[in-house]
Structure formats: C-alpha cells, structure tokens
Amino acid sequence: MTSTQKIVPLDKNHHATTKINNTNVFSHISDEHMLPVVVHEFAVAGAEFPIVFIKNNDTYQPVAMLGLAAKQNLFLQDNKWQALYVPRAVRHYPLLLVRDQADNERLLIGLDESSERVGSDEGFELFNADGSESEFLTQRKQQMAEYVDMGQRTRTFVERLVSLELIHEQVLTLNVNNEDRRINGIFLVDEKKLNELSDDVFLELRKNGYLAAIYAQLMSLQHTQKLVKRIAEAG
C-alpha cells in the first residue's frame, strides 16, 4: 500500500457522485510481496501461492507469498494480475474497512480518495440519485462483512495451532539464479508434531475443518519453486 493514501469514511453526501472504475485494478499492491489470507482461502490460494505465517507482535498472520524479497510482486506484470485467484484482502479496494474514531470497536467503510480508480466520470456508482446505496456498494459491504467474520475464524484457527505448539519458525533456503537465498521470518505448521497428536485432538481438528487447511498450507509450499522460476524468467 502506498504512503500517500487519503482514506476517509464513506459519506453519502460527500461521495454522492463518486464512482469506482477499473483502471489499473492492482496497482496498489505492486510493491506487496505478501498478502493476508483467511483460513477459508487456504485451499484455493494454496493452489497457486505458498502460504506461510508471519509473526505480528504476539500473533501469527497467514499470508500468501507473492515474492521472495520486499517490494517484489511476481504476480503483477504491466498492472495485470498473473494468477487465477485474487486474495480476498485486495478485492474491494479502494473501499476499505477503517476504525470509527469515536468507537474503536466499530468498523466503517472507508474510501481511498487518492486512488486513480476514484472519480466522478466513469465506473460503478456508490450511491443512487436519491442517496441510497447502489447495488455495487451493497454487495461490496456484504462481502466485506463476510471477510470480517472469516478473519475472526482465522484468528481462532491460528490460536488453536499455537495452543498445540504446531507453528514453528523455518528458514527457507532456495536456489535463486544459482545462488542460495535464505528467507527468514517465516513460520510453518510443524508436520512432525502434527503427526504426533493424539487421535482425539486429530479428530477435533478434522471436525472443525482445520485439518484440511493445515494440509493445504503444507502442500502450498511446493509453489516456492514457482516463485524461483518467475525470478529466473524475469532475468
């Protein structure tokens, strides 16, 4: 995300004629080498990107790796997305969730007015002529609310892995252009400890739908070689 964002709460009066167009849809993540993912995405995102965990203060955040270095997005070329799947975290930009300054527990819909996708000439209207929400905005708000719920389930999932001591730090060593590159700050599911869990705990993970996500994360690591290949192809 750029440092020149101008994010303001969405307002039907101030944004009465505002529209969102499809100009350079992914330009705001051109420098992102990781994107947050929720547990519901592990299977589909893990089919294209390596999924790992990074430590954020005392918590772990699952992310899809788009590159092997800071500001290296290997899935964006000429502002065109080079993958079949688009992570949910970036689907609704320039609409974003922001904290209500008057009530920190409350989330509001915000708009990045600095985005080239925001204007009044062409695109999807946010509000109808009578001030009511457009169908476009209503759908986006519903999807963003669903994403908040998914985020909570993801935190519960991660907390359970932590309680079982299933997340461990792992240095990834990859051969990039005939040079070994060490990727630090990465955390993965500990497959050895996973296989040592009791039958009861294993069954609990399966019933909660966590087991499928765990295996999707482990399987996704094969795509680190895809990142290496993209670097080589880019010269």
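The model shown is predicted, which means the values in this text are computed figures rather than measured ones.

Draft legend 1. View of the nonpolar core. Core analysis: the biggest nonpolar cluster contains 54 residues, and Phe 49, Phe 53, Leu 68, Trp 81, Phe 157 and Leu 205 have the highest contact counts within it. The element contributing the most residues to this core is helix H5 (residues 210-220), with 6 residues. Excluding residues that lie within four positions of it along the chain, Phe 157 makes contacts with Val 39, Phe 42, Phe 53, Tyr 210, Ala 213 and Ile 214. The next biggest cluster of nonpolar side chains, apart from the first, holds 11 residues, and it includes Ile 20, Leu 111, Val 118 and Leu 126.

Draft legend 2. Inspection of the pattern of salt bridges at higher detail. The tally for this structure, following the rule as stated, stands at 5 salt bridges. Taking the shortest distance from any N to any O, the salt bridge between Glu 133 and Lys 141 comes out at 2.6 Å. Look at Glu 133 and you get partly exposed, because its relative accessible area is 32%. You can call Lys 141 partly exposed: its relative accessible area is 31%. In this structure, Lys 193 and Glu 165 form a salt bridge, with 3.7 Å as the shortest nitrogen-oxygen distance. Taken together, the residues Lys 193 in helix H3 (residues 191-195) and Glu 165 in the loop between helix H2 (135-163) and strand S12 (167-169) connect sequence positions 28 residues apart. We classify Lys 193 as partly exposed; its relative accessible area is 34%. Accessibility expressed as a relative area gives 53% for Glu 165, which makes it exposed.

Draft legend 3. Focus on the sheet that holds strand S2 (residues 19-20). Across the sheet, 3 strands lie side by side as S10-S2-S11; this open sheet has antiparallel pairing. Every interior strand has two partners, whereas the edge strands, strand S10 (118-119) and strand S11 (124-125), have only one.

Draft legend 4. The arrangement of the sheet that holds strand S1 (residues 7-9) in detail. With respect to topology, 3 strands assemble into an open sheet ordered S1-S9-S8, the strand pairing being antiparallel. Among the strands making up the open sheet, the edge pair consists of S1 and strand S8 (95-99). Within this sheet the neighbouring strands show an average axis-to-axis angle of 45 degrees, counted without direction. Here S8 runs beside strand S9 (residues 107-112); their pairing, made up of 5 bridges, is antiparallel.

Draft legend 5. Quick peek at a nonpolar patch on the surface. Judged by side-chain polarity, Leu 97, Leu 107 and Val 148 come together as a nonpolar surface patch covering roughly 200 Å² of accessible area. Examined against the element boundaries, Leu 97 turns out to sit in strand S8. The class for Leu 97 is partly exposed, based on a relative accessible area of 34%.

Draft legend 6. Quick look at the pairing of strand S4 (residues 51-56). As judged from the 6 bridges shared by S4 and strand S5 (residues 59-65), these two strands associate in the antiparallel manner. Its bridge partner lying in S5, Val 52 is registered against Val 63. Remark: 2 residues form the turn of the hairpin made by S4 and S5, two consecutive strands paired antiparallel; Asn 57 in that turn has positive phi of roughly 60 degrees.

What counts as what
Residues numbered from 1 in each chain as written. Predicted model: local features only at pLDDT ≥ 70, side-chain atom pairs only at ≥ 80, totals over all residues. Heavy atoms only, no water. Core = buried A, V, L, I, M, F, W, Y, C linked by side-chain atoms within 4.5 Å. Buried < 20%, exposed > 50% of the residue type's maximum accessible area, 1.4 Å probe, protein only. Helix = DSSP H or I, 4+ residues; strand = E, 2+ residues; numbered from the N terminus. Contact = heavy atoms within 4.5 Å. Salt bridge = Lys/Arg side-chain N within 4 Å of Asp/Glu carboxyl O. Pairing = 2+ DSSP bridges. Axes fitted to C-alpha atoms, helices over the stretch in contact; angles between N-to-C directions. Patch = residues over 30% accessible without salt bridge, like charges linked within 9 Å, V, L, I, M, F, W, Y side chains within 5 Å. Areas by Shrake-Rupley, 256 points an atom, 1.4 Å probe, with all protein chains shown as cover.

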